[in-house]
Amino acid sequence: MADAAKGVRQLVLLHGREQARTLADPSDQSLVKIASEVLGDESGQKGYSYSGLCLTSLPHRKPGDDEAWIRTVGPLTLIIEPGRIVMGDGQPKLMGVPFGARARLILIYLQTQAVLTDSREVSLGRSMREWMKRLGLAVGGETASTLREQARRIATCSMRFSWQTEPSKSGRPTMMTNERIIKSGLFFQEGTGDDRQGSLFEDRVLLDSDFFDQLRRHPVPLQDAAIRQLKDSAAALDIYVWLAYRLHHLNKRTPIGWKDLHQQFGGSYKNLFQFKPRFLASLAEAVAAYPEARVDVEDTHIVLHPSPLLYASLPDPRGVGLCDKHGRATSTPWPQPGRFFVKNAPSQNPTPCVAALDAP
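Presented here is an overview of the structure given in this document. (Residues numbered from 1 in each chain as written. Predicted model: local features only at pLDDT ≥ 70, side-chain atom pairs only at ≥ 80, totals over all residues. Heavy atoms only, no water.)

### Focus on the sheet that holds strand β11 (residues 204-207)
Taking strand neighbours across the sheet as the criterion, the three strands line up as β7-β11-β10 in an open arrangement whose pairing is antiparallel. Strand pairing shows two members of the sheet lacking a second neighbour, β7 (121-123) and β10 (182-184), which therefore form its edges. Averaged over all neighbouring strand pairs, the angle between strand axes comes to 40°, with direction disregarded. (Pairing = 2+ DSSP bridges. Helix = DSSP H or I, 4+ residues; strand = E, 2+ residues; numbered from the N terminus. Axes fitted to C-alpha atoms, helices over the stretch in contact; angles between N-to-C directions.)

### Some words on the pairing of strand β8 (residues 158-163)
Counting buried positions along β8 yields five of six residues, so the element is predominantly enclosed. Two strands pair when backbone bridges link them, and strand β4 (residues 76-81) and β8 are joined in this way by six bridges, in the antiparallel orientation. Its bridge partner being in β8, I79 is matched across the sheet by R160. (Buried < 20%, exposed > 50% of the residue type's maximum accessible area, 1.4 Å probe, protein only.)

### What about empty space enclosed by the protein?
Picture a little ball the size of a water molecule; that probe, rolled over the atoms, points out where space is still empty. For the structure shown, the criterion picks out three cavities of 30 Å³ or more. By volume, the largest cavity is sized at about 140 Å³. Forming the walls of the largest cavity are S49, L53, T56, S57, L58, R104, L107, I108, Q111, L237, D238 and V241. Those elements that place two or more of their residues in the lining of the largest cavity are α4 (100-117) and α9 (234-246). Broken down by element, the lining of the largest cavity gets its largest block of residues, four residues, from α4. By residue class, the composition of the lining of the largest cavity is six nonpolar, four polar and two charged. (1 Å grid on protein atoms, 1.4 Å probe; cavity = no way out; pocket = protein on both sides within 12 Å on 5 of 7 lines; lining within 4 Å. Points joined across faces, edges and corners; volume = space filled by probe spheres on them. Nonpolar A, V, L, I, M, F, W, Y, C, P; charged D, E, K, R; others polar.)

### Concerning the sheet that holds strand β15 (residues 301-304)
Remark on secondary structure: sheet strands pair via backbone hydrogen bonds, oriented parallel or antiparallel. Spatially, β1-β14-β15-β13 is the arrangement adopted by the four strands of the open sheet, whose pairing is antiparallel. Whereas interior strands pair on both sides, the edge strands pair on one side only; in this sheet they are β1 (2-3) and β13 (254-257). Here β1 pairs with strand β14 (residues 295-297) via two bridges, running antiparallel. Bridged to D3 within β14 is D296. Contacts from α9 reach β13, β14 and β15, with the element oriented near 45° to β15. (Contact = heavy atoms within 4.5 Å.)

### Examining the pattern of salt bridges
Across all of its chains, the model carries 11 salt bridges by this definition. Note that E18 is salt-bridged to R21, the shortest N-O span being 3.6 Å. With E18 and R21 both in helix α1 (residues 8-23) and three residues apart, the pair spans about one turn of that helix. Judged by relative accessible area, which is 42%, R21 ranks as partly exposed. Between R160 and E81 there is a salt bridge, with its nearest N and O atoms 3.0 Å apart. Placement of the pair is R160 in strand β8 and E81 in strand β4, with a sequence separation of 79 residues. The class for R160 is buried, based on a relative accessible area of 18%. (Salt bridge = Lys/Arg side-chain N within 4 Å of Asp/Glu carboxyl O.)

### Re the nonpolar core
Core analysis: the largest hydrophobic core is formed by 88 residues, its most contacted members being Y240, L243, L283, V295 and I302. Those residues within four positions of L283 in sequence are excluded, and the remaining contacts are A4, I239, L243, V295, V297 and I302. (Core = buried A, V, L, I, M, F, W, Y, C linked by side-chain atoms within 4.5 Å.)

### Description of unusual backbone geometry
Unusually for a residue other than glycine, K6 sits at a positive phi of about 60°. With respect to the helices and strands, the residue K6 is situated in the loop between β1 and α1. Under the relative-accessibility criterion, K6 is labelled exposed at 51%. With a phi close to 55°, D118 is a non-glycine residue in the positive phi region.

Geometric descriptors of this kind do not, in isolation, establish any biological role.
Shown next as structure tokens:
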């Protein structure tokens, strides 16, 4: 059994970034960088994602513009269908479904702002530009073109989540349908001259009311520093948000076989032997960006272990509290929200955890 992040988090914690670089294998230097940046982050900047998008995901690569995207994970099915937009020639054009890392970043931004402001009306313009800079993304050229395309795909597509319920409880599956993630807005300005240099998007976006309602009920906290480190990898982002949702709900070690992992994350790979090494590389990045995650790798499966919630302030049905470095529940305020401390590490600061406390 081996740590999915190849032990780089422990190296950084015990020896610091520079010495960890000399001790780590040359092929693991990128993991050392990811772990160092996330462990050293003190900004406390949060992100959020709807839980349904943590369990299912968008395509990694561009499908045909007329192709729907369907992913099923256990009882949950995600169906995304492309929409049309009238272009400059007056003719409607199929835009295709959103795909890749940039589409995921746009969705994370929109969901984060909606949760933080408790409003389905999301301000864009300068705030989006500043967020992009914080992630280390250029705001012009090829990045702007890619974001423009993905924004149009998100704004025009339809998305449906369905949960298969027990036959004894219901004669049909429970379904949340939102014909649009976006009710209005989310189109890049075609010009980015000096008169509009602070705004790449329309000023505001209105999220679909059904989608916003589900997001408010089921937000999953993320760390901005982690998103920044994984921003160029759709696969690593998918695994990171999945772990952010899944780990704190566990109450025992949970093995997951390669067949199930391939079904959930391997949409771009026909064969398991092609998928496995690429998944392991993305898993290592995601776990390096999630210091509290406990994930091991074995020959036939990976093992997920119960791990603390990313942020102690998020309500949880089982009750969210704080624990000290020994794992004991405490009411001591967390001095630096957003900063992680690994249990049993030499630190006097409390660690966020799910404890037997009353839900806020």
